[in-house]
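Spelled out from the first residue to the last, the chains are:
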Amino acid sequence: MLTKPYEVRFNSHILNKLIKMEDKIREPKEILDRASNITVLTGAGISAESGIPTFRGEEGLWKKFRSEELASQEAFQRNPKLVWEWYDWRRGIAKDAKPNLGHYALVNLENEKSNFTLVTQNIDGLHQLAGSRNIIEMHGNQWQIRCTSCGIIEQNHDVPLNELPPKCKNCGALGRPNVVWFGEIIPMAIIDNILIAIERCEVMLIVGTSGVVEPAASMGLIAKHTGKTVIEVNLETTPNSSLYDISILGKSGEILPILCKSN
Ligand code: BJW
Ligand code: ZN
């Protein structure tokens, strides 16, 4: 049957889902609308809908390794080539990936607010690509290679890398991803800036992180203990969900566009 051009046909199933979602999001949306100072913490879940694998769960496996077995100084010392192969693989996926509606919703939110800080654990660079500006990368950036000897940081977008493991252009020593591995300390200046952003915000939004890796996992609790409203968006509940004010279950690419939509 032909549809007249002025008829808009809704799939009733999708429409019902949208209405239910709007209902569920009404209260946290009002809280976000009223606030002018917002801090957001994102994890791998926000990039999942861009095709970037998360760390934990089934899809977090690379070959037969878990992230905990690869993201450490010990793993790198034991087998730098293996660790670099993992990053080379991830860089290959990220190079073709595009930001999704969740990333763009946070750009929209930043544009609306007078104070906005986006703290991300992700190293994929998708928030920058979407257009977010005030970003703190707490676990580093996979497009930078840091020399293990002279410490020089090189921007490098080669996919695949020409040499595995890569060597420093300055001194020839072994390069490593400029990221923070397990057992390594996040630079104090970065922690300070995150704490300042939490101190200054009225609402903290925590998106797509399992909340098991410290110190990121404690940031929402610090916010909560200092009287901020904490809202979580995740596909599933996390160890901290019950301690936050509101926990919204769903995909960030579906929830955030409604939650962060300007009125
Ligand atoms: C969706 C979705 C969709 C999916 N929509 N949602 C205190 C107690 C116990 C241990 C420690 C502690 N303090 C420190 C430690 C040790 C360690 C740690 O935390 N270990 C725990 C695992 C037990 N921490 C450290 O070592 C940190 N350093 C430190 O604390 O220094 C001081 C110190 C040193 C030594 C001893 C003691 C103190 C450094 C941690 C660095 C973590 N680095 C990594 C790798 C970075 C580089 C890289 O990417 O390769 O960071 S590990 C990995 O985990 C990566 C991530 O950023 C991080 C967090 O993962 P994330 O983002 O939460 O991802 P997932 O996969 O876990 O979760 C995805 C979530 O998304 C899930 O919840 C899904 O449901 C959801 N989701 N699709 C919405 N569409
Ligand atoms: Zn060097």
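Our structure's up above, just so we're on the same page.
A.B. asks: Help me understand the layout of surface pockets in this model?
C.D. replies: A water-sized probe, rolled over the atoms, reveals where empty space remains. Counted as a void, the largest pocket has a volume near 870 Å³. Lining the largest pocket are 42 residues, and of these A44, F55, R56, T209 and S210 sit closest to its centre. Listing elements by their share of the lining of the largest pocket, those giving two or more residues are α2 (45-48), α5 (80-96) and β8 (229-234). With 3 residues, α5 is the single largest residue contributor to the lining of the largest pocket. For the lining of the largest pocket, the per-class residue count stands at 17 nonpolar, 17 polar and 8 charged. Its boundaries defined by the atoms lining it, the second largest pocket holds a volume of some 170 Å³. Around the second largest pocket, the lining comprises 13 residues; the ones closest to its centre are G140, R146, N178, V180 and P187. Where the lining of the second largest pocket is concerned, the elements lending two or more residues are β4 (140-147) and β6 (175-179).

A.B. asks: I tried to follow the packing of helix α8 (residues 188-200) against helix α9 (residues 216-225) on my own but got confused; where do I start?
C.D. replies: Geometry of a packed helix pair, given as the angle between the helix axes and the separation of the axes. Two elements in contact, α8 and α9, have axes separated by 10 Å at closest approach and are oriented at 35°. At the point where α8 passes α9, the crossing takes the right-handed sense. Two secondary-structure elements touch here, α8 through I191, I194, L195 and I198 and α9 through M219, I222 and A223. Looking at the contact of α8 with α9 residue by residue, the classes come out as 7 nonpolar, no polar and no charged.

A.B. asks: I'm lost on the coordination of the zinc ion (ligand 2) in this one. Help?
C.D. replies: As a benchmark, a tetrahedral metal site with four donors has ideal angles of 109.5 degrees, while an octahedral site with six donors has ideal angles of 90 or 180 degrees. Here the zinc ion (ligand 2) is held by the protein donor atoms C147 (SG), C150 (SG), C168 (SG) and C171 (SG), which lie 2.3 to 2.4 Å from it. For the zinc ion (ligand 2), the 4 donor atoms are set out with angles of 100 to 120° between them, so the coordination reads as tetrahedral. Its relative accessible area of 11% is what places C168 among the buried residues.

About the criteria used
Position numbers for residues count from 1 along each chain, tracking the sequence in the order it is written. For naming, the first written chain is A and the first written ligand is 1, with later ones following in the order written. Local features in this predicted model are restricted to residues whose pLDDT is 70 or higher, and side-chain atom pairs enter the listing and the counts only when it is 80 or higher, whereas totals over whole chains, interfaces and linings include all residues. Side-chain measures here rest on the full set of heavy atoms in the structure, leaving out hydrogens and waters. Site definitions follow a grid-based scheme: protein atoms alone, a 1 Å grid, a 1.4 Å probe that fits but cannot get out for cavities, and for pockets an open set with protein on both sides within 12 Å along at least five of seven lines, plus lining residues having an atom within 4 Å of a point. Grid points are joined across faces, edges and corners, and a volume is the space filled by probe spheres set on the points. In this text, helices come from DSSP runs of H or I with a minimum length of four residues, and strands from runs of E with a minimum of two, each type numbered from the N-terminal end. Classification used: nonpolar for Ala, Val, Leu, Ile, Met, Phe, Trp, Tyr, Cys and Pro, charged for Asp, Glu, Lys and Arg, polar for all others including Gly. Axis lines are fitted through C-alpha atoms, for helices just across the contact stretch, and the angle between N-to-C directions can take any value from 0 to 180 degrees. Note on convention: near helix rotated counterclockwise from far helix by under a right angle means a left-handed crossing. Clockwise means right-handed. Residue contacts follow a heavy-atom distance rule, with two residues in contact if any of their heavy atoms lie within 4.5 Å. Any nitrogen, oxygen or sulfur atom within 2.8 Å of a metal ion counts as a donor, with the limit raised to 3.2 Å for Na, K and Ca, and since water is left out, coordination shells can look unfinished. Under the classification used here, a metal with four donors is tetrahedral if each angle lies between 85 and 135 degrees, square planar if opposite donors are over 155 degrees apart and the others between 65 and 115, a six-donor metal meeting that same test is octahedral, and anything else is irregular. Throughout this description, buried means an accessible area under 20% of the type-specific maximum (1.4 Å probe, protein chains only), exposed means over 50%, and partly exposed covers the range between.

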